[in-house]
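Here are the chains, one letter per residue:
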Amino acid sequence: MEPVPPPRASLATSVPVPLEEVFTIAADYERSGKLAEADRLLGYILTVAPLQADSLHLAGIVAFRLGRHAEALERMELAIRHGVDTPLYLRNICEVYRTLGRLDEALATARRAVELSPSDPLCLHNLAIIHYERLEIDESIACAEQALAMNPTLPGAHFELAEALLLKGEMARGWDEYEWRFQIAGAAPLMPPTDKPQWDGTPFDDATLLLIADQGFGDVIQFCRYIPWVAERCPNLAIACAPEVGSLLRQLHPTLRTFVKWEDCPPYRAFAALSGLPRLHGTRLHNVPAPVPYLRADLARTKHWKDRLDRLAPPTYRRIGVVWAGRPTHNNDRRRSTTLAAFAPIAALPRVALVSLQKGPSADQAGRYYGRAPLINIGAEIKDYDDTMALLECLDVVVTVDTSVGHLTAAMGKPAWIMLATAPDWRWLLDRADSPWYPTVRLFRQSVAGQWGDVMSCVAGALRERFEAPTTE
Amino acid sequence: MPLCPCGSGLRTVRCCGLEIGSVPPAESTRHLVPLVERAVQAHRQGALETAERLCLDVLELAPDRPGALMVLYQIRRTEGKLAAAEALIRRVVNFDPNNFPATNELALMLMGRGALADAEHHARNAVRIAPENPQAHNLMGMIMTEAQRPQIGEYHYRKVLDLAGGRDPILLANLAWNLKNQGRMEEARALYEESAAAAPDVRQTMLGWARLEEADRHFDAAAEKLDRMDAQWPNDPGVLLSRAVLLGRTKHYDQALAVLDDLARLSPDGKLGPNELSEQGRLLDQMGRYDDAFVAFAESKRLAAELSGNHYMDEVAENLIARARSFFSAGRLSTLPRAGTRQDVAQPIFVLGFPRSGTTLVEQTLTAHPRIAAGDELPLIADITGIMPRMLNSPLGYPEALAELWMGDQRAGLDNLRDWYLQKVAQMGFIEARHAWFTDKMPLNETHMGLIALMFPEAPLIHVIRHPLDIMVSAISNHFTHGFFCANALETAARHYVRVMDLVQHYRAEMALRYLPVRYEDMVDDQENTVRGMFDFIGESFDPGTLKFHENRRYARTASYAQVTEPLYASSRFRYRRYRAHLEPVIPILAPVIERLGYTVD
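Parameters at a glance
Residues numbered from 1 in each chain as written. Chains lettered and ligands numbered in written order. Predicted model: local features only at pLDDT ≥ 70, side-chain atom pairs only at ≥ 80, totals over all residues. Helix = DSSP H or I, 4+ residues; strand = E, 2+ residues; numbered from the N terminus. Rg over C-alpha atoms; globule rule 2.2 N^0.38 Å. Buried ≥ 20, exposed ≤ 12 C-beta atoms within 10 Å, placed from the backbone. Contact = placed C-beta atoms within 7 Å. Axes fitted to C-alpha atoms, helices over the stretch in contact; angles between N-to-C directions. Parallel < 35°, antiparallel > 145°, perpendicular 65-115°, else oblique. Left-handed = near helix turned anticlockwise from the far one by under 90°. Nonpolar A, V, L, I, M, F, W, Y, C, P; charged D, E, K, R; others polar. Pairing = 2+ DSSP bridges. Domains from an automatic or database assignment. pLDDT = per-residue confidence, 0-100. Right-handed = clockwise from strand over helix to strand, strands pointing away. Expected span 1.5 Å × (residues − 1). Arc of directions from axis to C-beta. Core = buried A, V, L, I, M, F, W, Y, C linked by C-beta atoms within 7 Å.

A. Here's a closer look at the overall build of chain B. When you go through chain B residue by residue, the secondary structure sums to 30 helices and five strands. Radius of gyration (C-alpha) of chain B: 26 Å, near the 25 Å computed for a compact globule of 602 residues. Projected onto its principal axes, the C-alpha coordinates of chain B cover approximately 80 × 65 × 50 Å. By the burial criterion, 48% of the 602 residues in chain B qualify as buried. Considering only intrachain contacts with a sequence separation of at least 6, the fraction spanning at least 24 residues in chain B is 64%.

Here you go:
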């Protein structure tokens, strides 16, 4: 058999490169995001040295980042067998176990990593994440605090602590810890470098305050409720935002100026992220401002969509808006998203029509739906959030996973039934079916990680009750 | 000197490979006229060899001589060399488009071999050449009746009655057959009676009449007609096949099989033809002899393909579906207008599905409702895909021609297409004042679901879903030409089915449709809820009479007619299990769709 030719560091050299050096190059590639290149080099190393633990471990990380989860796990487990309890390997395989929903293995491995490297705050941070995922919130807080005791400036641990505290409803400390989110390695910067200060809540009316509609669209919809509160203190407001949410944000303040390019932003005295406003407002569980509806659909658009839906949906059927998946790039999407097929118990209800509001790559599941309730794939015609809001006006209820459509429905004061993974986002708190953020939200929580069957059955039962009950709304 | 493969006896370069430029001017071959006259004379006197020799000689020198072509055509047709005959008569028409007798002959030949679209083209020319000629209208009557446009056929038959000034018994029988196909049984029966009274010994008339009685469930009357025919024309193949069908419908399976055995013995090669084999397969199926039944079905398919020369038009189907996928995308659709909805006429309900998936059952159910008229299999959507480039003044074909809707002068193009469809429906005359809806159950119209939704954005699309393997069993046990002749073999039926279902998935992902999948199995297991669901979806009140669809006296023209005149039985569900071993080759092809639809293979 012909030996596999070794890779060359560059075209100029023809001398075979030692494996250690190849590994270094592969690691550089992995760090710089050149995953295919790293994958190729690691493949070569493992052909020559199939049990080389560091290479197996790195190959596992690369495979994981390329979405080849089963292969990642196989390689990393092999690396652990041949690397003899290396804490780094254990820490990293945790994330693979977590992603695959194998939380018991994730926990055991994370604990073993802490045992092996008790002074490594990263191992504790990792353990905190696993505990959060398992909904062991006190344990998560304890681990994050221990990590911070070792390294008080570890942003990830601060953020994990913030999420756990907020999930428990401990907002005072939670908001402070939440401020660390921009320090996390790899986090997108809030804005270009600036010499202007972050707003501290002090009123001024002789200059512009620049708000930044940061994070996902759901966060923007949730936190834009604070804009009137800000406007009372700083009436000259501008906001940098994605184009999708511009018209929606302008509803909150009549003179709000929206910008989608940094270079178009006006001079400003201070800036504030929308997601930082609850801290400045001093939001606690008892005083969450929830002035719903704080977003409203355009009347002309509503008429258009009502006419359209009336033509497509059976006239006497209840109309249930459905969304089954969030943005796939969201770091929690694997857990929060489900499939349209999982809505089967709801589709089996009599005299209901499902109205798909789904956008994005998962929307094509509408083509594979063969449930009994008619499905109107109106998502194919939705162009923007104004369309979505107009459509929401025409529905009886919206059943969604944790997406921006849930926030939008709730912000409009419409019935939003949101289905949550076992370890939900902090904003939905613990063990409750309602939300202080949105009076019209009803929460349905997963009892077993990754399993939506029970949740869907509960929702179907609740819908049946709702539709059979005399109408009072 | 290679002779033409068509069998004409001419050299290829003087026959099907003839180049127009090589035909000498008529003046230069004037000297051949006497030879043509001698050929005509010889043919008339029965001296066929002489006539043939003369024709071949003349046509070698002057391949466009119509007299010689006509004589040679008649000789070849008499010999049963139909490909040669068709090539020759077609050449006469090509050289002389105003030749009425030749046009008439060609149209009849094409109709005879089932090339109805081509036949219709020439029949229309015949009417253009001779608008007052009864035979021209008779041609149109026959072809349009066969092409499932019986209302248009009826118009032309009645035109013949006007022009001919009498009541020709054959014509009356043809009109009766037409009316039977429209479900107008009493009128058809009266015409058969009149025809038979005037000419009692016409075999086709009596056979048609017997079939009318069978279709109308007057089994005794049908048997009586067949008995009379048997006495007059013993061992007639048509009578024997009708007898077998009748015995099958009355559940005398052994006797029916025995009749088919007789039929085989009487045939020159001792074998049954495709239709007889299908019937044999159905009888064996009813008797539980599934392996034997499958052998009969498969042989029927093989023979039908061999005789007709029709095979699945794989590349044409693939091309059309690929273009539809490419054109109908959410982004493009957002830029296209939609037709408005006409408030002044009944609205279509499209019953979609693969042939033999249960579309007839659903249509019979819907049209048992007093406000829904039965349109049956309307060929109009497919017609629109053909005429669209002309109507939209586009250099492109369907579906790309829809790009013209972006032009300022074609913004109303979809309204025009919609009106064309509705006008054709109105001409068919099946809609009454009480009807708010009518059905169009042309199978595989789902291939054009995007176009339908543009033309009729509010029309209910009811897609009949059935276990794909059950559909395959039905496809192998029946003859149909839908879907580019896909049903000529099991594998091609499966392949086309998957292609169309994938296209449906695409449409549904890209468009907001008024679409309801209805499972055939639910129609059997949970009939009332399923039927109520359909009427809710349409927006019509439920009528309990629709549950007794088998009492709907309307005759369904399609192959399902015998089944839909009986109440629902669970035996039609999961019939594939009896043919599981025979279906093995298509299971891998169908597997993705079986899973998508939520079925399993047990």
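Now that the structure is up, let's keep going.
B. Highlighting the packing of helix H20 (residues 380-391) of chain B against helix H21 (residues 413-428) of chain B. Residue and element names in this part refer to chain B. Closest axis-to-axis distance for the H20/H21 pair is 11 Å, and the angle between their directions is 135°. By the angle between their axes, H20 is oblique relative to H21. In the packing of H20 onto H21, the handedness of the crossing is right-handed. Contacts between H20 and H21 involve Leu 380, Ile 384, Met 388 and Met 391 on the former and, on the latter, Asn 416, Leu 417, Trp 420, Tyr 421 and Lys 424. Residues of the contact of H20 with H21, tallied by class, amount to seven nonpolar, one polar and one charged.

C. Examining the sheet that holds strand E5 (residues 515-519) of chain B more closely. All names here are of chain B. Pairing in this open sheet of five strands is parallel, and the strands run E2-E3-E1-E4-E5 from one edge to the other. Only two strands of the sheet have a single partner each, and these edge strands are strand E2 (372-373) and E5. Strand direction decides the pairing type here: strand E1 (residues 347-352) and strand E4 (residues 461-465), joined by three bridges, are parallel. Residue pairing for E4: Phe 350 is matched across the bridge by Leu 461.

D. The interface of chain A and chain B, seen in detail. Counting residues at the interface gives 20 residues for chain A, matched by 23 residues for chain B. Grouping the amino acids of the side of chain A that touches chain B by side-chain chemistry returns 11 nonpolar, three polar and six charged.

E. Inspection of the domain arrangement of chain A at higher detail. Split by domain assignment, chain A resolves into domain 1 (19-183), domain 2 (209-287) and domain 3 (299-468). In terms of residue class, the side of domain 1 of chain A that touches domain 2 of chain A is built from four nonpolar, one polar and two charged.

F. Highlighting the sheet that holds strand E5 (residues 318-323) of chain A. A sheet is described by the order of its strands in space; here six strands give the open sequence E7-E6-E5-E8-E9-E10 (chain A), paired in parallel fashion. Each edge of the open sheet is held by one strand with a lone partner, namely strand E7 (375-376) and strand E10 (441-445) of chain A.

G. Inspection of the pairing of E10 of chain A at higher detail. Residue and element names in this part refer to chain A. Across the two faces of E10 the burial differs, with Val 441, Leu 443 and Arg 445 buried and Arg 442 and Phe 444 not buried at all. As paired elements, strand E9 (residues 416-420) and E10 share five bridges and run parallel to each other. Residue pairing for E10: Leu 420 is matched across the bridge by Arg 445.

H. Local environment of the confidence of the model for chain A. Here chain A shows a mean pLDDT of 91. Residues at 70 or above account for 96%. Low pLDDT, under 50, characterises residues 1-13 of chain A; the stretch is placed with 15 contacts to residues that sit more than four places away or in other chains.

I. Structural view of unusual backbone geometry. A cis amide bond links Val 292 of chain A to the next residue, Pro 293 of chain A, at an omega of -5°. Topologically, Pro 293 of chain A is positioned in the loop between helix H14 (277-281) and helix H15 (299-312). That bond from Tyr 398 of chain B to Pro 399 of chain B is cis: its omega, 5°, falls within 30 degrees of zero. On the secondary structure map, Pro 399 of chain B appears in the loop between H20 and H21. Its identity is not glycine, yet Leu 135 of chain A carries a phi of approximately 65°, on the positive side. Residue Leu 135 of chain A is classed as partly exposed on the basis of its 18 C-beta neighbours within 10 Å. Unlike most non-glycine residues, Leu 429 of chain A shows phi in positive territory, near 55°.

J. Fine view of the pairing of E9 of chain A. Residue and element names in this part refer to chain A. Taking burial as the measure, the five residues of E9 include four buried ones, the bulk of the element. In the sheet, strand E8 (residues 397-401) pairs with E9 via four bridges, with the strands oriented parallel. Within E9, the residue paired with Thr 400 across the bridge is Ile 418. This β-α-β element, E8 to helix H19 (residues 404-411) to E9, shows right-handed connectivity.

K. Fine view of the packing of helix H1 (residues 33-44) of chain B against helix H2 (residues 48-61) of chain B. Residue and element names in this part refer to chain B. Put simply, H1 and H2 touch, their axes get as near as 8 Å, and they point 155° apart. Classed by the angle they form, the pair H1 and H2 counts as roughly antiparallel. Of the two possible hands of crossing, H1 and H2 adopt the one that is left-handed. Listed contacts from H2 to Leu 35, Val 36, Arg 38, Ala 39, Ala 42 and His 43 of H1 are Leu 48, Thr 50, Ala 51, Leu 54, Cys 55, Asp 57 and Val 58. Classifying every residue of the contact of H1 with H2 by side-chain character gives nine nonpolar, two polar and two charged.

L. Representation of helix H10 (residues 185-198) of chain B. Residues and elements named next belong to chain B. With 14 residues, H10 extends 20 Å from end C-alpha to end C-alpha; this agrees with the ideal 20 Å at 1.5 Å per step. Of the positions making up H10, those classed as buried are Met 185, Ala 188, Leu 191, Tyr 192, Ser 195 and Ala 196. Viewed along the axis of H10, the buried residues span an arc of 130°, placing them on a single side of the element. More than 90 degrees from the buried face of H10, the exposed residues found are Glu 186 and Ala 197. Lining the buried residues of H10 we find helix H9 (169-181) and helix H11 (203-215).

M. Molecular detail of the nonpolar core. In this structure, Ile 462 and Met 472 of chain B are the most contacted members of the largest nonpolar core, which totals 219 residues. Per-element tally for this core: the top contributor is helix H25 (residues 490-510) of chain B, with 10 residues. Filtering out sequence-adjacent residues up to four positions away, Ile 462 of chain B remains in contact with Ile 349, Phe 350, Val 351, Leu 352, Val 362, Leu 516, Val 518 and Met 534 of chain B. With 59 residues, the next largest nonpolar core counts Val 22, Leu 42, Ile 61 and Ile 130 of chain A among its residues.

N. Region of the structure containing the domain arrangement of chain B. Domain parsing of chain B yields domain 1 (1-96) and domain 2 (314-596). Here the C-alpha centroids of domain 1 of chain B and domain 2 of chain B sit 47 Å apart.

O. Molecular detail of the environment of Pro 436 of chain A. All names here are of chain A. On the secondary structure map, Pro 436 appears in the loop between E9 and E10. For the pair Pro 436 and Leu 165, spaced 271 residues apart in sequence, the C-alpha separation works out to 16 Å. Aside from chain neighbours lying at most four places away, what touches Pro 436 is Leu 285, Val 288 and Ala 290.

P. Local environment of H20 of chain B. Residue and element names in this part refer to chain B. For H20, built from 12 residues, the straight-helix expectation of 16 Å at 1.5 Å per residue is missed by more than 12%, its first-to-last C-alpha distance being only 14 Å. Looking only at H20, the buried set comprises Leu 380, Ile 381, Ile 384 and Met 388. Looking down the long axis of H20, one finds its buried residues gathered within 95° of arc, a one-sided arrangement. Considering only its buried residues, H20 is in contact with H21 and helix H22 (449-455). Directly after H20, the chain includes Asn 393, whose backbone phi takes a positive value near 55°.

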